[in-house]
Amino acid sequence: MTKASTRKPIVAKIDISEQRMNVYVNGHITHSWKVSTARSGYYTPRGEYAPYRMHTMWRSRKYNNAPMPYAVFFHKGWAIHGTTSISRLGRPASHGCVRLHPDNAKTLFKLIKSAGGMKSARVIISN
């Protein structure tokens, strides 16, 4: 982890090439989950971000009111959130958001809340 990210109790590291998220709590890996990031023609931003908004249920204004349970918004309109397309986890399938199994999205959401909220979390996305 980068020096900046180690100061945050909760760090979600997403590896685009592996289609996997590793969650660190106080520097120790606690969870490793399959994700889906952007499919061909779409983009998932890379970089290090601070979450800025969280909703137990959000609906996409851009994509036909699609449900986004346990959404953690980290950059502009991009978020980590649960999906009903569980069979697609582990390969690119989204419009750019980071999709998780709904149970895992709920776990991440609760971890961030229990650690002190958005100011206590970082999202790191790399190839």
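Residues numbered from 1 in each chain as written. Predicted model: local features only at pLDDT ≥ 70, side-chain atom pairs only at ≥ 80, totals over all residues. Heavy atoms only, no water.

What about the sheet that holds strand β4 (residues 47-49)?
Here is step 1: Taking strand neighbours across the sheet as the criterion, the five strands line up as β3-β2-β1-β9-β4 in an open arrangement whose pairing is mixed. Two strands bound the open sheet, and with one partner strand each, they are β3 (28-34) and β4. Put simply, the sheet's adjacent strands are angled 15 degrees from each other on average, direction ignored.
Here is step 2: Of the pairings in the sheet, the one linking strand β1 (residues 10-15) to strand β9 (residues 121-126) comprises six bridges and is parallel in character. Its bridge partner lying in β9, Ala12 is registered against Val123.
Here is step 3: Lying over the sheet, helix α1 (residues 102-114) contacts β1, β2 (20-25), β3 and β9, oriented at roughly 150 degrees with respect to β3. (Pairing = 2+ DSSP bridges. Helix = DSSP H or I, 4+ residues; strand = E, 2+ residues; numbered from the N terminus. Axes fitted to C-alpha atoms, helices over the stretch in contact; angles between N-to-C directions. Contact = heavy atoms within 4.5 Å.)

Comments concerning the pattern of salt bridges
Any two side chains of opposite charge can pair if their charged atoms end up close together.
Here is step 1: Applying the stated criterion to the full structure yields one salt bridge.
Here is step 2: Across the pair Glu48 and Arg122 runs a salt bridge whose closest N-O atoms are separated by 3.2 Å. On the criterion of sequence distance, the pair formed by Glu48 in strand β4 and Arg122 in strand β9 is long-range, its members being 74 residues apart.
Here is step 3: Judged by relative accessible area, which is 29%, Glu48 ranks as partly exposed.
Here is step 4: For Arg122, a relative accessible area of 17% translates into the label buried. (Salt bridge = Lys/Arg side-chain N within 4 Å of Asp/Glu carboxyl O. Buried < 20%, exposed > 50% of the residue type's maximum accessible area, 1.4 Å probe, protein only.)

Remarks on the nonpolar core
Here is step 1: Formed by 23 residues in total, the largest nonpolar core has its most connected members in Ile14, Met21, Ile80, Val98, Leu100 and Leu108.
Here is step 2: Those elements that provide at least two residues to this core are β1, β2, β6 (67-75), β8 (98-100), α1 and β9.
Here is step 3: For this core, the element with the most residues is α1, which contributes five residues.
Here is step 4: When neighbours within four sequence positions are excluded, Ile14 is seen to be in contact with Arg20, Met21, Val35, Thr37, Ile80, Val98, Val123, Ile124, Ile125 and Ser126. (Core = buried A, V, L, I, M, F, W, Y, C linked by side-chain atoms within 4.5 Å.)

Digging into the environment of Pro92
Here is step 1: Within the element layout of this structure, Pro92 appears in the loop between β7 (78-82) and β8.
Here is step 2: Measuring from C-alpha to C-alpha, the distance between Pro92 and Pro9 comes to 28 Å, with 83 residues separating the pair along the chain.
Here is step 3: Setting aside residues no more than four positions away along its own chain, Pro92 makes contact with Gln19, Thr37, Ala38 and Arg39.

Section: the sheet that holds β8
Here is step 1: Here we have four strands laid out as an open sheet, ordered β5-β6-β7-β8, and mixed in their pairing. At either end of the open sheet lies a strand with only one pairing partner, and these are β5 (53-59) and β8. Ignoring which end each strand starts from, the neighbouring axes of this sheet average 25 degrees apart.

Looking at the side chain of Ser94
Here is step 1: Following the sequence through the fold, Ser94 ends up in the loop between β7 and β8.
Here is step 2: Note on Ser94: relative accessible area 1%, which makes it buried.
Here is step 3: Within polar-contact distance, the side chain of Ser94 engages the backbone nitrogen of Ala38 at 3.3 Å.
Here is step 4: Only 2.7 Å separates the side chain of Ser94 from the backbone oxygen of Cys97, close enough to count as a polar contact.
Here is step 5: In this view, Ser94 contacts Ser36, Thr37, Ala38, Arg39, Tyr42 and Arg99; residues no more than four positions away in its chain are not counted. (Polar contact = N/O pair within 3.5 Å; in protein donor to acceptor, adjacent residues only side chain to side chain.)

This is a description of form; function is not addressed.
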